[in-house]
Number of protein chains: 2
Amino acid sequence: MNDLRTKIMEIAKRRGIFWKAYEIYGGLAGFYDYGPVGSALKNNILNLWREIFVISDSLIEIDSPNLGPEIMYIASGHADKFTDYMVKCQKCGHAFRADELLKDHIPDAEGLDADRLWKELQAHQIKCPDCGGDLTYPERFHLMFPTTVGLGKKAFLRPETAQGIFVNFPILYRLNREKLPLGVAQVGKGFRNEISPRQGLLRLREFNMAEIELFIDPEENFELDSFGEVKIPIKTRDGSESVLTAEEIAKRGIARPEIAYYMAKTLKFLKTLGIPENKIRFRQHHHNELAHYSQDTWDCEINLSLGWTEVIGISYRGDYDLKRHMDFSARDMTAIRRFKEPKKIKVKKVRPRMEILGPMFKSKAKKVAELLEKKEPSPAGIEVELDRKRMLITPEAYDIVDEEITVGGERFIPHVIEPSFGIDRILYAVLEFAYYERPETGYKVLRFPPKIAPIKAAVFPLMTKDGLDGIARDIKVKICGNGIPCYYDDSGSIGRRYARADEIGVPFCITVDYQTREDNTVTLRERDSAQQKRIPISALTSVLKSLVEGTKSFDDL
Amino acid sequence: MNDLRTKIMEIAKRRGIFWKAYEIYGGLAGFYDYGPVGSALKNNILNLWREIFVISDSLIEIDSPNLGPEIMYIASGHADKFTDYMVKCQKCGHAFRADELLKDHIPDAEGLDADRLWKELQAHQIKCPDCGGDLTYPERFHLMFPTTVGLGKKAFLRPETAQGIFVNFPILYRLNREKLPLGVAQVGKGFRNEISPRQGLLRLREFNMAEIELFIDPEENFELDSFGEVKIPIKTRDGSESVLTAEEIAKRGIARPEIAYYMAKTLKFLKTLGIPENKIRFRQHHHNELAHYSQDTWDCEINLSLGWTEVIGISYRGDYDLKRHMDFSARDMTAIRRFKEPKKIKVKKVRPRMEILGPMFKSKAKKVAELLEKKEPSPAGIEVELDRKRMLITPEAYDIVDEEITVGGERFIPHVIEPSFGIDRILYAVLEFAYYERPETGYKVLRFPPKIAPIKAAVFPLMTKDGLDGIARDIKVKICGNGIPCYYDDSGSIGRRYARADEIGVPFCITVDYQTREDNTVTLRERDSAQQKRIPISALTSVLKSLVEGTKSFDDL
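Report follows, based on the coordinates.

**Regarding the packing of helix α1 (residues 3–14) of chain A against helix α14 (residues 423–434) of chain A**
Residues and elements named next belong to chain A. In contact at an axis separation of 10 Å, α1 and α14 are set at 105 degrees when each is read in the N-to-C sense. With respect to α14, the axis of α1 lies roughly perpendicular. Contacts from Leu4, Arg5 and Ile8 in α1 reach Tyr428, Leu431 and Glu432 in α14. For the contact of α1 with α14, a count of residues per class yields 4 nonpolar, no polar and 2 charged.

Structure representation (structure tokens):
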């Protein structure tokens, strides 16, 4: 573990951000708890995500279960293909992901098959990282957690929230009044039985995700609006890196316009979270790296202390998912493409010849003719059912003619663009870039942007006497009452209280001193600059609100 | 299914509130999806819950995983005791909860053992409800969903969020600066493999819960504050019903004061959600009905269309959980009880007799004496370890004396009060009491209190011409921009648009008409009264805010 990660783990546990779950029982690898500060931070990140991706684009959000039936995951391809190659140590028995062991030696280990992995492991003389023992031949290891529902119905914990959206497409399409594009969001847990999770929040077996499935008509144009101008750093499949606007990416056919749009929005999202723009890039997947459902995927990567790390994936899933669910469920998963003008199209029709049918069927000839007209034309005779008896009508009893009909639209299977956000990884990235040590004192500060800071303000009385503490408590109650998370602290020196607030990223500290009793003002101290200004108590909540929302800066005060 | 339930299921599916999950694959019993309206309603219920229970009491909220290790559930008792008795039909094979089959015949079937259940099933000649076949002898059926983490570590999906809090007690206690009471909240999923879930949102296998674990010193007084005055309808274990204040309940020893406090808060919560007070009661569990961890439990029940239904449980878990986890993990789960005045207490101490030890150990005698002083006194000799050798010091080498020492506090295992909220059941109850049909038209209305309504406002142009639609769209954008969920609708007559809004409980509809172009006012229509008032556009968002927050009523306008 590198230095920065160690420091973040230390502060995270000490100050209630996150820690290894089940520590009193020796832990459970790949599972973490969020403490009070961490869960508030996570909620704030999710709220910002909703603001940027869901509300401003009028998407709809749903909430489907974590457990799903086996048949759905057979249809989705996960039951068969959602695996990693595992090698085990022949000495200590520890298991590892084969491609992870190779990642420092060859660039694209993720897509390799068992033979190729085995060859590379041998070529690079890879041994067990824990004990140096010899490794076994790579075998496929299934990444979904299985369980049983009821008395024996096999089910899985979802590896992505996406399938819960796909299987509801008919309902959601109806709720959207049968219009495309239809964007559906879901926030929730995902589960993957990772072979050997050892990277804290970066590789969890139970993780928080936020996903969008954007159902589109692939023949419709997609408008980038103002996001077309956003400059995006990309690294294409061929290894070349460049910075292009979203519009250029779409126009040159480097990626679909919907993908370019989500790249631009993602950039905005991450910058608002405090991730520096020059630490972000979008990397296109190699062909052998693509998930089984994907035609094209771009990873948004952040350059963390351990190198470029995937935090978000934007995939073009084509019609794979809806088509598979249509095949497996025999339900209609299509949408309608309405023509601007009704179209006249030519179709083949059956026209019965009454002069043949009349003598043949007597009083029933008319009925037979009606039945024939509804059938698919065939020059080899047509089967009809009359009075519960099936019979073949030979070709001389009808003609096949061309007929022109008018249609208003056609049905098709929508395609899907999926931006999928790993919230825990994003939260960890926020911590890495927020972490700072004051040069003078070495004190630790988490410089969260005020908008996502878990606690926005702290109120301190200079002394716990002469009524200062009472005034401070009243201020705290008033601020909290306005929906601004805030706490009161009167323990230790003011300096210690500032330091404690800095460690959990409180952006604004308010101190009640003796001047407060005279003129009803308090000092407001800004975390990053450590500057202080005097503010009237009456203006405090509105000042805090505009500072948190970013409509005012501290210098404006 | 009764009439009201059928109607709610119909509107819920049609308007995107909730529906059976995985319907395209024939469903999965006990699993539901929340659509856009339902998930917003759920979030609003949870936000109100946080406001009333978490924020106003300064509790801390954490977020622990759904999957937990087997050892934790062995410690908690769930691995062994979290079961229901199941009977199977010998003809069709369907499975049922034995006590559920008896609930119309005997009052307290839940606590009965297998023999007693079998006797009652026979006495009441209970047959398979599906086919009339004979039932098997009751057998225990385990209710947790098992799975495997990594290569073979057994784990379970949590049946309650509580254990994720208990195992973190040492960390949380430290974060609370070692003070009690310490209230910890958690909102999340729970999972129970119910034998035969057939009651929609009322019996789910995957459900939403909101729990509080209040860690207390059982010897400390607990203040009811203003909640002491709240009148609470209770039904005690002996079957008698009465209405008492929270204070009376605590003073008379009917329930612990903490339980009375949460009864009062729960009543406030449910009333704010629109549940009529006379449909709520608190029922005490019979002894044989108590969960294995509970010393006393009160169910908050709501009188729904299918009768009194448990939606919340308030349990006194004593020190059961922390004690068990302390035993199984060998970690310290105690808190400190600080004495107001330091206490002098008498303890037995070892006083070495140097006149014996000196000749015996020569230069090492002093070292041995020091070791002895730290040991527990025993008249049968004391073992010490010197230079890695163990030896028994016989009793003549020391005296056991009484000594008086001063201590500032003592350690003890905190007790736990747990209010546990079934959010899906509460949401369903909200729907039952919100459901209303307009007598004139039979149109359906969901009369959600504005504060929890998923969508607060809808904006309609009278006509989609003469600029009315543009004005309406601008108003919609402005309202949404102020964080008030709102939509625009120009399809069909105004009457139809009102009816559509009523069905998803939109409390306020705004219509832009020709007068708007003249005087910049719009009509504001209140859902329940169907009354309309003209409001200036400039005042709209502030008017909506105060109506939603309840600081103003429609009549005040």
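On we go.
**A word on the sheet that holds strand β5 (residues 83–88) of chain A**
What links the strands of a sheet is backbone hydrogen bonding, and the strands pair in either a parallel or an antiparallel sense. Residue and element names in this part refer to chain A. Taken together, 3 strands build an open sheet; the order of strands is β6-β5-β7 and the sheet is antiparallel. Lying at the two open borders of the sheet, with one neighbouring strand each, are β6 (95–97) and β7 (139–142). Taking the axes of each pair of neighbouring strands and ignoring which way they run, one obtains an average angle of 50 degrees across the sheet. As paired elements, β5 and β7 share 4 bridges and run antiparallel to each other. Within the sheet, the bridge partner assigned to threonine 83 lies in β7 and is histidine 142.

**Details of the packing of aromatic side chains**
Applying the stated criterion to the full structure yields 32 aromatic pairs over all chains. Ring centres of phenylalanine 227 of chain A and tyrosine 261 of chain A lie 5.4 Å apart, and the angle between their planes is 80 degrees; on these two criteria the pair is classed as edge-to-face. With phenylalanine 227 of chain A in the loop between β11 (206–216) and β12 (231–235) and tyrosine 261 of chain A in helix α10 (residues 257–272), this pair connects stretches of sequence that are 34 residues apart. Judged by centre distance (6.1 Å) and plane angle (90 degrees), the ring pair of tyrosine 73 of chain B and phenylalanine 156 of chain B falls under edge-to-face. Linking tyrosine 73 of chain B in helix α3 (residues 70–75) with phenylalanine 156 of chain B in strand β9 (residues 153–157), this pair joins segments that are 83 residues apart in sequence. We classify phenylalanine 156 of chain B as buried; its relative accessible area is 6%. Among the aromatic residues, ring-to-ring pairing joins Trp49, Phe53, Phe222, Phe227, Tyr261, Tyr262, Phe269 and Phe421 of chain A into one connected group. One Lys or Arg, arginine 447 of chain A, reaches over the ring of tyrosine 436 of chain A and ends 3.8 Å from the middle of that ring.

**Some remarks on empty space enclosed by the protein**
Residues and elements named next belong to chain A. The tally for this structure, following the rule as stated, stands at 5 cavities of 30 Å³ or more. Space inside the largest cavity adds up to approximately 90 Å³. Elements supplying a minimum of two residues to the lining of the largest cavity: β2 (32–34) and β11. Of the residues belonging to the lining of the largest cavity, the class tally is 6 nonpolar, 3 polar and 4 charged.

**Structural notes on the interface of chain B and chain A**
Contact with chain B, which involves 68 residues of that partner, is made by 68 residues of chain A. If you look at where chain B meets chain A, you find 4 salt bridges. For the salt bridge of arginine 177 of chain B with aspartate 489 of chain A, the shortest nitrogen-to-oxygen distance reads 3.5 Å. One can count 32 residue pairs in polar contact (both at pLDDT 80 or more) joining chain B with chain A. Looking at the side of chain B that touches chain A residue by residue, the classes come out as 33 nonpolar, 16 polar and 19 charged.

**Quick look at the side chain of arginine 50 of chain A**
Residue and element names in this part refer to chain A. Residue placement: arginine 50 occurs in helix α2 (residues 36–55). On the basis of relative accessibility, which here comes to 18%, the residue arginine 50 falls in the buried class. Among the polar contacts listed, one links the side chain of arginine 50 to the side chain of glutamate 61, at a separation of 2.8 Å. In contact with arginine 50, other than residues within four places in its own chain, are Ile55, Glu61 and Val187.

**Examining the relation of the copies chain B and chain A**
Both copies of the chain are tied together by a single rotation about an axis and a shift running along it. Superposing chain B onto chain A takes a rotation of 180 degrees plus a shift of 0.0 Å along the axis, which leaves an RMSD of 0.5 Å. In the structure described here, the two chain copies are related by an operation that fits a two-fold rotation axis. Judged by C-alpha distance, threonine 147 of chain B is the residue of chain B that lies nearest the rotation axis, at 2.9 Å. A share of 100% of the interface residues of chain B reappears at the interface of chain A, consistent with the copies meeting face to face through the same patch.

**Side note on unusual backbone geometry**
Residue leucine 180 of chain A is joined to proline 181 of chain A through a cis peptide bond whose omega torsion reads -5 degrees. Residue placement: proline 181 of chain A occurs in the loop between α8 (169–175) and β10 (182–191). A positive phi angle is found at tyrosine 22 of chain A, which is not glycine, with a value near 60 degrees. Positive phi is not limited to glycine here, since glutamate 178 of chain B has a value of about 55 degrees.

**Describing the sheet that holds strand β8 (residues 146–149) of chain B**
Residue and element names in this part refer to chain B. Overall, antiparallel pairing links the 3 strands, which are arranged β4-β9-β8 in an open sheet. Lying at the two open borders of the sheet, with one neighbouring strand each, are β4 (67–69) and β8. Averaged over all pairs of adjacent strands, the angle between strand axes in this sheet comes to 45 degrees, irrespective of strand direction. By the bridge criterion, 4 bridges tie β8 to β9 in an arrangement that is antiparallel. Bridge pairing in β9 links valine 149 to lysine 153.

Reading guide: rules and limits
Residues numbered from 1 in each chain as written. Chains lettered and ligands numbered in written order. Predicted model: local features only at pLDDT ≥ 70, side-chain atom pairs only at ≥ 80, totals over all residues. Heavy atoms only, no water. Axes fitted to C-alpha atoms, helices over the stretch in contact; angles between N-to-C directions. Helix = DSSP H or I, 4+ residues; strand = E, 2+ residues; numbered from the N terminus. Parallel < 35°, antiparallel > 145°, perpendicular 65-115°, else oblique. Contact = heavy atoms within 4.5 Å. Nonpolar A, V, L, I, M, F, W, Y, C, P; charged D, E, K, R; others polar. Pairing = 2+ DSSP bridges. Phe/Tyr/Trp six-rings, centres within 6.5 Å; stacked < 30°, edge-to-face > 60°. Buried < 20%, exposed > 50% of the residue type's maximum accessible area, 1.4 Å probe, protein only. Lys NZ or Arg CZ within 6 Å of the ring centre and 35° of its normal. 1 Å grid on protein atoms, 1.4 Å probe; cavity = no way out; pocket = protein on both sides within 12 Å on 5 of 7 lines; lining within 4 Å. Points joined across faces, edges and corners; volume = space filled by probe spheres on them. Salt bridge = Lys/Arg side-chain N within 4 Å of Asp/Glu carboxyl O. Polar contact = N/O pair within 3.5 Å; in protein donor to acceptor, adjacent residues only side chain to side chain. Least-squares fit on C-alpha atoms with pLDDT ≥ 70 in both.

Functional significance is not addressed by these values, which are geometric in nature.
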